[in-house]
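One-letter residues, chain by chain:
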Amino acid sequence: MTQPFAPWLARWRLRPDGDAITTPGSDLLPVRLADGDAAMLKIARDPEERFGAGLMRWWDGDGAARVHAHEGDALLMERALGPRSLMAMALDGEDDEASRIACAVVARLHAPRPAPWPADLVPLERWFASLETAAGRDGGMFAQALDVARELFATAEPARPLHGDIHHTNVLDFGERGWLAIDPKRIVGDRGYDYANLMCNPELPTVTRPERFARQAQVIAQASGLSQRRLLQWTLAYAGLSAAWFLEDGDDASATSDLTVAKLALGALG
């Protein structure tokens, strides 16, 4: 087995169990542990991917995939083998149930823990730097999203560690262990932020449909315990931020999707 997996296969006594997967920030390899259990070996190439492993360890398998080992850029975690997919559910008439499942996972992640959270978490306000840049450069929807974000920061609930990237392919079916999250960012702040991505996910083809938006605003607000207005505010703020990130990356199509969702949120807010 070639780099980057070879040293970790030997170190942790792992056996390859499938084809390698390459994402923009990581290299992944399905493996088997020495006892035969299925796992995923992840080698981070992006700093944010590396930092997220510390939060995974802090969650300790409650609401997130269990971490078997973590050292440097390498993370060894349990592998999802269940047959179900939130994306497939959302596209096959079960959008409401997919959202409720994701919200239940988020609530588990937000639950209090006895141990102090990792020291390197980034305050949510700093996470919005790209939106400030876009608002100063382009105004318009970005400026409106920034105004709402600042209002949310001023009225924030008590801070807690956030996943930071909850969407339909970051909550997976782990069989008997249920639905669990993977691939967190490293932020801390108001819990409402974690629910907004379900309203914005540009990988979901139906996300910009007004009827889908209106329905999921009701479903997610009820499942999360947020007021619908606050969910809509977080959706507007998050959609503006996400669009700013996509523009930085040269992904105009995804930015357009997010800005469409931002307009839907603004319209719903009246």
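This text gives an overview of the structure that appears in the document. Given the structure is predicted, the values throughout are model-derived calculations rather than measurements. (Residues numbered from 1 in each chain as written. Predicted model: local features only at pLDDT ≥ 70, side-chain atom pairs only at ≥ 80, totals over all residues. Heavy atoms only, no water.)

What follows covers the overall build of the protein chain. When helices and strands are counted, the protein chain shows 11 helices and 11 strands. Computed over C-alpha atoms, the radius of gyration of the protein chain comes to 19 Å, within 12% of the 18 Å expected from 2.2 N^0.38 for 270 residues, which places it in the range of a compact globule. Burial analysis of the protein chain (270 residues in total) assigns 53% to the buried set. Taking the contacts inside the protein chain whose residues are at least 6 apart along the sequence as the reference set, 66% of them involve residues at least 24 apart. As displayed, the protein chain offers around 12,000 Å² of accessible surface, 51% of which is attributable to carbon and sulfur atoms. Charge centroids of the protein chain, computed over 28 positive and 38 negative side chains, lie 4 Å from each other. (Helix = DSSP H or I, 4+ residues; strand = E, 2+ residues; numbered from the N terminus. Rg over C-alpha atoms; globule rule 2.2 N^0.38 Å. Buried < 20%, exposed > 50% of the residue type's maximum accessible area, 1.4 Å probe, protein only. Contact = heavy atoms within 4.5 Å. Areas by Shrake-Rupley, 256 points an atom, 1.4 Å probe, with all protein chains shown as cover. Lys, Arg positive; Asp, Glu negative; His and termini not counted. Charge placed at Lys NZ, Arg CZ, Asp CG, Glu CD.)

Once that is clear, we can look at the nonpolar core. Most often, soluble globular proteins have nonpolar side chains that are buried together. If you look at the biggest cluster of nonpolar residues, it comprises 78 residues, and the most contacted ones within it are Leu86, Leu124, Trp127, Phe128, Tyr193, Trp234 and Leu236. When residues of this core are assigned to their parent elements, the largest contribution, 11 residues, is made by helix α10 (residues 228-248). With near-sequence residues (within four places) excluded, leucine 124 lies in contact with Phe153, Leu162, Ile187, Val188, Gly189, Asp190, Tyr193 and Trp234. Grouped together as the second largest cluster of nonpolar side chains are 14 residues, Trp12, Leu41, Ala69 and Ala74 included. (Core = buried A, V, L, I, M, F, W, Y, C linked by side-chain atoms within 4.5 Å.)

Moving on to the packing of aromatic side chains. We describe a pair of aromatic rings using the distance from one ring centre to the other and the angle between the two ring planes. Enumeration over the complete set of coordinates arrives at seven aromatic pairs. Here phenylalanine 128 and tyrosine 193 contribute two aromatic rings whose centre-to-centre distance is 6.0 Å and whose plane-to-plane angle is 70°, an arrangement assigned as edge-to-face. Separated by 65 residues along the polypeptide, phenylalanine 128 in the loop between α5 (124-127) and α6 (129-138) and tyrosine 193 in helix α8 (residues 192-200) bring together distant segments of the chain. On the basis of relative accessibility, which here comes to 2%, the residue tyrosine 193 falls in the buried class. An aromatic cluster of three or more residues is present, and its members are Phe128, Phe153, Tyr193, Trp234 and Tyr238. Here the guanidinium or amino end of arginine 113 rests over the ring plane of tryptophan 58, the centre of that ring lying 5.6 Å away. (Phe/Tyr/Trp six-rings, centres within 6.5 Å; stacked < 30°, edge-to-face > 60°. Lys NZ or Arg CZ within 6 Å of the ring centre and 35° of its normal.)

The next point concerns the side chain of arginine 186. The topology assignment puts arginine 186 in the loop between β10 (179-181) and β11 (187-189). According to the relative accessible area criterion, arginine 186 is buried, its value standing at 15%. At 3.1 Å, the side chain of arginine 186 and the backbone oxygen of aspartate 120 are in polar contact. With sequence-adjacent residues up to four places away left out, arginine 186 is seen in contact with Glu48, Phe51, Asp120, Leu121 and Val122. (Polar contact = N/O pair within 3.5 Å; in protein donor to acceptor, adjacent residues only side chain to side chain.)

A few words now on the pattern of salt bridges. Inspection of the entire model under this criterion finds 17 salt bridges. With its nearest N and O atoms 2.7 Å apart, the salt bridge here joins lysine 42 to aspartate 183. Of this pair, lysine 42 sits in strand β4 (residues 38-44) while aspartate 183 sits in the loop between β10 and β11, placing them 141 residues apart in sequence. Using a relative accessible area of 5% as the deciding quantity, one classes lysine 42 as buried. Exposure remark for aspartate 183: the relative accessible area of 22% places this residue in the partly exposed category. Across the salt bridge formed by arginine 215 and aspartate 96, the nearest N and O atoms sit 2.6 Å from each other. Residue arginine 215 is located in helix α9 (residues 210-224), and its partner aspartate 96 is located in helix α4 (residues 95-110); the two are separated by 119 residues in the primary sequence. In this structure arginine 215 comes out as partly exposed when scored by relative accessible area, which is 37%. Connected via shared salt-bridge partners are Asp17, Arg32 and Arg79. (Salt bridge = Lys/Arg side-chain N within 4 Å of Asp/Glu carboxyl O.)

Bringing the sheet that holds strand β8 (residues 160-162) into the picture now. One open sheet holds the three strands; their spatial order is β7-β11-β8, and the pairing between them is mixed. Two strands bound the open sheet, and with one partner strand each, they are β7 (122-123) and β8. (Pairing = 2+ DSSP bridges.)

Secondary-structure assignment places alanine 104 in helix α4. C-alpha separation for the pair alanine 104 and glycine 63, spaced 41 residues apart in sequence, amounts to 8.8 Å.

Empty space among the atoms can be located by rolling a probe the size of a water molecule over them. Put simply, the largest pocket is a space of about 1,300 Å³. For the largest pocket, the lining is made up of 40 residues, of which Glu49, Asp165, His167, Asn170 and Lys185 are closest to its centre. Going through the elements one at a time, β3 (26-32), β4, α2 (47-59), β6 (74-78), α5 and α10 are the ones with two or more residues in the lining of the largest pocket. Top element by residues in the lining of the largest pocket is α10. It accounts for five residues. For the lining of the largest pocket, a count of residues per class yields 16 nonpolar, 11 polar and 13 charged. (1 Å grid on protein atoms, 1.4 Å probe; cavity = no way out; pocket = protein on both sides within 12 Å on 5 of 7 lines; lining within 4 Å. Points joined across faces, edges and corners; volume = space filled by probe spheres on them. Nonpolar A, V, L, I, M, F, W, Y, C, P; charged D, E, K, R; others polar.)

Now for the pairing of β3. The element β3 is largely enclosed, with a buried count of six among its seven residues. Hairpin remark: strand β2 (residues 21-22) followed by β3, antiparallel, with three residues in the connecting loop. Taken together, the seven bridges between β3 and β4 define a ladder with antiparallel strand orientation. Each bridged residue has a counterpart across the sheet, and for arginine 32 the counterpart in β4 is alanine 38. Adjacent in sequence and paired antiparallel, β3 and β4 are bridged by five residues, among which glycine 36 carries a positive phi angle near 95°.

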